[in-house]
Amino acid sequence: MESAVHYTYTLPPEDDLEIKSMADSVRAVEKLLNYNFTDKKLLEEALTHSSYTGSASYQRLEFVGDAALGLAITNYMFLAYPDADQGKLSLVRAANISTEKLARVAIRHGLYKYVRHNATALDEKVHVPKNCSLELHYQLLIGDPSQLFHFEVYQSRVLFMVMLQVMEFAIAIQEEEDAEVHGGLLKAPKVLADIVESVAAAVYVDCNFNLKDMWLVIRDLLEPIVTIGMLEQQPQPVTMLFELCQKDGKQVDIRHWRKGERNVASVYVDGHFVASASAEQKENAKLHAAKAALQKLSYKSSDMMGPDIFSELNGDMEIEGAKQKLHELCGKKKWPRPDYKVDREVGRSHEKRYICSVQIEIDESVLLSTGNEKTRIRDAENSAASAMLHGLRESKYL
């Protein structure tokens, strides 16, 4: 029998580790990954930018991490979707290893805070936004600017600009109405994706190049994993615009031009102007112009949406894939990640059963739900997630 959702009004205290050295960074990232490195030099290398001359940078690890993450995601999607064709598998793999996705992972977990570097080598690579309020950006994102990067924080004007670029991206993510799968208004800084790839590679090498072991460590870092269902619920706006207009026998034309330092894209349907948008990058402007056009034309993604999350139940009347679906829901609603824990273990060591709970924060409340006994922790977490989803629906959150 599934438990009801319970409510409390206290939030768990934040666990902030003061970062003063690379050793502190290593401990913080190990805690984040819930993994202790055998060779901690690997993680140090993964957290060292190429501009830092004191030791090897993350470039070699980034090269490995790019390939290892791609293969790990490919394996996962191949097993998760046995009936999906090559096209769908390619799309969902690309969505999970894109610069946009990995940069958002780095922002979500604050990985950029742990990177050491010498900013002078970055001078020509950083765009400085005009007419921006630095103090306001600091307050919105972190409150205390000295905590954004912990090495040589104010010793370089360029370092300050690097901080600002990352900050701009983080703020843009915070201001989105819905989590963007395909790209926001600002281009994702590649340095953020590089950090995630290098950390993944450090785990991969430390695990003696065992891809399965690496995936078990890294997977939670990448949550919520972009799924085929998510892509169906949030289709690529340009593709969706062309497909839906084509069904109605309409012709779409997207025109581009530059306005100052920004790219502008305008959508015309049957020769009539519909909507426009601007962004730093041409493709981002095109995405958001298409999205605006879809809204103005009253096209909705429901025409392409997948099945309802409650439509697939197992023999215990629990939702199939509930843990992943809860992650997706929290991402869409902009709620914090669900927090799982093992509440109880019963039985002897060779026949243990587990009871797990999950909690999520909504507004000023913490919602808690407990699942049924299961023989595997993963199944027990799925049971708890299923109970949470049912409770959210009963409590009118869905």
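Calculation rules
- Residues numbered from 1 in each chain as written.
- Predicted model: local features only at pLDDT ≥ 70, side-chain atom pairs only at ≥ 80, totals over all residues.
- Heavy atoms only, no water.
- Helix = DSSP H or I, 4+ residues; strand = E, 2+ residues; numbered from the N terminus.
- Buried < 20%, exposed > 50% of the residue type's maximum accessible area, 1.4 Å probe, protein only.
- Contact = heavy atoms within 4.5 Å.
- Areas by Shrake-Rupley, 256 points an atom, 1.4 Å probe, with all protein chains shown as cover.
- Phe/Tyr/Trp six-rings, centres within 6.5 Å; stacked < 30°, edge-to-face > 60°.
- Lys NZ or Arg CZ within 6 Å of the ring centre and 35° of its normal.
- Expected span 1.5 Å × (residues − 1).
- Pairing = 2+ DSSP bridges.
- Axes fitted to C-alpha atoms, helices over the stretch in contact; angles between N-to-C directions.
- Parallel < 35°, antiparallel > 145°, perpendicular 65-115°, else oblique.
- Nonpolar A, V, L, I, M, F, W, Y, C, P; charged D, E, K, R; others polar.
- Core = buried A, V, L, I, M, F, W, Y, C linked by side-chain atoms within 4.5 Å.
- Salt bridge = Lys/Arg side-chain N within 4 Å of Asp/Glu carboxyl O.
- Arc of directions from axis to C-beta.

J.: What am I meant to see in the overall build of the protein here?
T.: Helices and strands together make up the secondary structure of the protein, namely 14 helices and seven strands. Per-residue burial over the protein gives 48% buried out of 398 residues. Restricting the contact set of the protein to residue pairs at least 6 apart, pairs at least 24 apart contribute 63%. As presented, the protein carries roughly 21,100 Å² of accessible surface, and 49% of it is formed by carbon and sulfur atoms.

J.: Would you take a moment to explain the packing of aromatic side chains for this structure?
T.: The relation between two aromatic rings is expressed through the spacing of the ring centres and the mutual angle of the planes. All chains considered together, the criterion is met by four aromatic pairs. Taken together, a centroid distance of 5.0 Å and an interplanar angle of 80 degrees make the contact between Tyr-35 and Phe-37 edge-to-face. Across the pair, exposure class does not vary: Tyr-35 and Phe-37 are buried alike. Stacked on the ring of Tyr-268, the Lys or Arg Arg-255 has its end atom at 3.7 Å from the ring centre.

J.: What is the right way to look at helix H12 (residues 282–296) in this model?
T.: Owing to its 3.6 residues per turn, the α-helix brings residues three or four apart onto one side. Given a rise of 1.5 Å per residue, 15 residues ought to cover 21 Å, and the 21 Å separating the end C-alpha atoms of H12 matches this to within 8%. The set of residues buried in H12 consists of Asn-284, Ala-285, Leu-287, His-288, Ala-289, Ala-290, Ala-293 and Leu-294. At the C-terminal side of H12, Ser-298 shows a positive phi close to 65 degrees.

J.: Before we go on, may I ask you to explain the pairing of strand E2 (residues 252–259) in this structure?
T.: Look at any regular strand and the pattern is simple: side chains alternate between the two faces of the sheet. Bridging between E2 and strand E3 (residues 262–269) involves eight bridges; their strand directions are antiparallel. In the sheet register, Asp-253 faces E3, and the bridge partner there is Tyr-268. What sits between the antiparallel neighbours E2 and E3 is a turn of two residues, in which Gly-260 has the positive phi angle 65 degrees.

J.: So what exactly am I meant to see when it comes to the packing of helix H3 (residues 59–80) against helix H9 (residues 211–222) here?
T.: When two helices pack together, their arrangement is given by the angle between the helix axes and the distance between those axes. Between H3 and H9, whose axes approach to 10 Å, the crossing angle comes to 85 degrees. On the basis of their axis angle, the class for H3 and H9 is roughly perpendicular. Contacts between H3 and H9 pair Ala-68, Leu-69, Leu-71, Ala-72, Ile-73, Asn-75 and Tyr-76 from the former with Leu-211, Met-214, Trp-215, Ile-218, Arg-219 and Leu-222 from the latter. Here the residues of the contact of H3 with H9 sort into eleven nonpolar, one polar and one charged.

J.: Quick question: what am I supposed to make of the nonpolar core here?
T.: A general trend in soluble globular proteins is that nonpolar side chains are found buried together. Residues Leu-33, Val-203, Met-214, Ile-218 and Leu-222 are the most contacted members of the largest nonpolar core, which totals 55 residues. The set of elements that each furnish at least two residues to this core consists of helix H1 (22–33), helix H2 (40–46), H3, helix H4 (86–97), helix H5 (99–109), helix H8 (190–206), H9 and helix H10 (228–233). At ten residues, H8 tops the list of elements feeding residues into this core. Setting aside residues up to four positions removed in sequence, Leu-33 forms contacts with Val-199, Val-203, Val-217, Ile-218 and Leu-221. Formed by 20 residues, the second largest nonpolar core is a distinct cluster that contains Leu-244, Cys-245, Ala-285 and Leu-287.

J.: I keep staring at the sheet that holds E2 and nothing clicks. Help me out?
T.: Two strands in a sheet stick together by hydrogen bonds in their backbones, pointing the same way (parallel) or opposite ways (antiparallel). Pairing within the open sheet is antiparallel, and its three strands lie in the order E2-E3-E4. Sheet topology places E2 and strand E4 (272–279) at the edges, where each strand pairs with a single neighbour. Between one strand and the next, the sheet's axes are offset by a mean angle of 20 degrees, whatever the strand orientation. Where E3 meets E4, seven bridges bridge the pair, whose relative direction is antiparallel. Its bridge partner lying in E4, Ala-265 is registered against Ala-277. Contacting E2 and E3, helix H11 (residues 237–247) runs over the sheet at an angle of about 145 degrees to E2. The strands touched by H12 within the sheet are E2, E3 and E4, with E4 carrying the most contacts at an inclination of about 140 degrees.

J.: Can you walk me through the pattern of salt bridges in this structure?
T.: Between side chains of opposite charge, a pair can form when the charged atoms approach closely. All chains considered together, the criterion is met by 13 salt bridges. Note that Asp-253 is salt-bridged to Arg-255, the shortest N-O span being 2.8 Å. Residue class for Arg-255 comes out partly exposed when judged on its relative accessible area of 38%. Between Glu-318 and Lys-374 there is a salt bridge; the shortest N-O distance is 3.2 Å. Here Glu-318, found in the loop between H12 and helix H13 (322–333), pairs with Lys-374, found in the loop between strand E7 (365–370) and helix H14 (377–394); they are 56 residues apart in sequence, far enough to count as distant.

J.: Help me understand the side chain of His-327 in this model?
T.: Along the chain, His-327 falls in helix H13. Setting aside chain neighbours within four positions, we find His-327 in contact with Glu-223, Pro-224, Arg-337, Pro-338 and Tyr-340.

J.: Honestly, H11 in this entry has me stumped. Any pointers?
T.: Pro-237, Val-238, Met-240, Leu-241, Leu-244 and Cys-245 are the residues of H11 that are buried. Each buried residue of H11 lies within a common arc of 160 degrees when the element is viewed along its axis, so the set occupies one face. What points out from H11, more than 90 degrees from its buried face, is the exposed set Gln-246 and Lys-247. Looking at the buried residues of H11, the elements they touch are E2, E3 and H12. Looking one or two places after H11, you find Gly-249, whose phi comes out positive at around 75 degrees.

J.: Looking at this structure, I do not really get the environment of Trp-335. What am I missing?
T.: Relative to the helices and strands, Trp-335 resides in the loop between H13 and strand E5 (339–346). C-alpha separation for the pair Trp-335 and Asp-363, spaced 28 residues apart in sequence, amounts to 8.4 Å. Setting aside anything within four residues of it in sequence, one finds Trp-335 in contact with Leu-329, Cys-330, Ile-360, Glu-361, Ile-362, Leu-392 and Tyr-397.

J.: Explain unusual backbone geometry to me, please; I cannot follow it from the model alone.
T.: Leave glycine aside and you will find that most residues have negative phi; peptide bonds, for their part, are mostly trans. A cis amide bond links Glu-223 with the next residue in sequence, Pro-224, at an omega value of -5 degrees. Among the secondary structure elements, Pro-224 is positioned in the loop between H9 and H10. A positive phi is found at Asp-270, a non-glycine position, where the angle reads about 55 degrees. On the secondary structure map, Asp-270 appears in the loop between E3 and E4. Overall, the relative accessible area of 44% leaves Asp-270 in the partly exposed class.

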